[in-house]
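Results of the structural survey
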Amino acid sequence: MTGCNLSQDEQDWLEGGITEFNNSRYWHAHEDWEELWKSLKSRNEDLDYILGIQGLIQTTALMFQYERMKKRGCLSMWTKLTEKLGTPDDAKFDNLWSIDIPRLLREVSVFIDDADSEEPKWNLQCSSVQIQNVNE
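Residues numbered from 1 in each chain as written. Predicted model: local features only at pLDDT ≥ 70, side-chain atom pairs only at ≥ 80, totals over all residues. Heavy atoms only, no water.

1. Concerning unusual backbone geometry
Of note in the backbone geometry, Asn44 takes a positive phi value of approximately 55 degrees without being a glycine. Looking at where Asn44 falls in the secondary structure, it is placed in the loop between α2 (26-42) and α3 (47-67). Since its relative accessible area comes to 68%, Asn44 is described here as exposed. Non-glycine residue Trp97 carries a positive phi angle of around 50 degrees. (Helix = DSSP H or I, 4+ residues; strand = E, 2+ residues; numbered from the N terminus. Buried < 20%, exposed > 50% of the residue type's maximum accessible area, 1.4 Å probe, protein only.)

In structure tokens form, the structure reads like this:
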């Protein structure tokens, strides 16, 4: 799936969220993507896309939780986002609005591996996770 057609506002929210995410401003990315999510819901878009943007929102929450060294929050968000986006080995989207979902899941999974270890180090740099456009 490459994505449903987005209005200009929706495209702006998507791109704004990507920029914020890539600058480690997870709360702001969440805010932009929540606007996109609400818009997709209001026009009864395909559920896969609504869940896809929810998965991206939950990815921001996971990174936010990792920064705060919250094991339970990280694990909870991982469970929620993988229900919507899939796993690194079995992503539900090859790309979502040109976002490379398998790559994103692989990069985030390293943070889960640390958070879920017996003694998390909490020393991974969240800024190392960057949303990549499959068209670039």
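2. Observations concerning the side chain of Glu20
Mapped onto the fold, Glu20 is located in helix α1 (residues 8-22). Here Glu20 is in contact with Arg25, His28, Ala29 and Asp32, once residues within four sequence places are set aside. (Contact = heavy atoms within 4.5 Å.)

3. As for the packing of helix α4 (residues 71-85) against helix α5 (residues 101-115)
Between α4 and α5, whose axes approach to 10 Å, the crossing angle comes to 155 degrees. Compared by their axis directions, α4 and α5 come out roughly antiparallel. Relative to α5, α4 is oriented so that their crossing is left-handed. Taking contact as the criterion, the partners of Lys71, Cys74, Leu75, Trp78, Leu81 and Leu85 in α4 are, on α5, Ile101, Leu105, Val108, Ser109, Ile112 and Ala115. Taken together, the residues of the contact of α4 with α5 sort by class into 10 nonpolar, 1 polar and 1 charged. (Axes fitted to C-alpha atoms, helices over the stretch in contact; angles between N-to-C directions. Parallel < 35°, antiparallel > 145°, perpendicular 65-115°, else oblique. Left-handed = near helix turned anticlockwise from the far one by under 90°. Nonpolar A, V, L, I, M, F, W, Y, C, P; charged D, E, K, R; others polar.)

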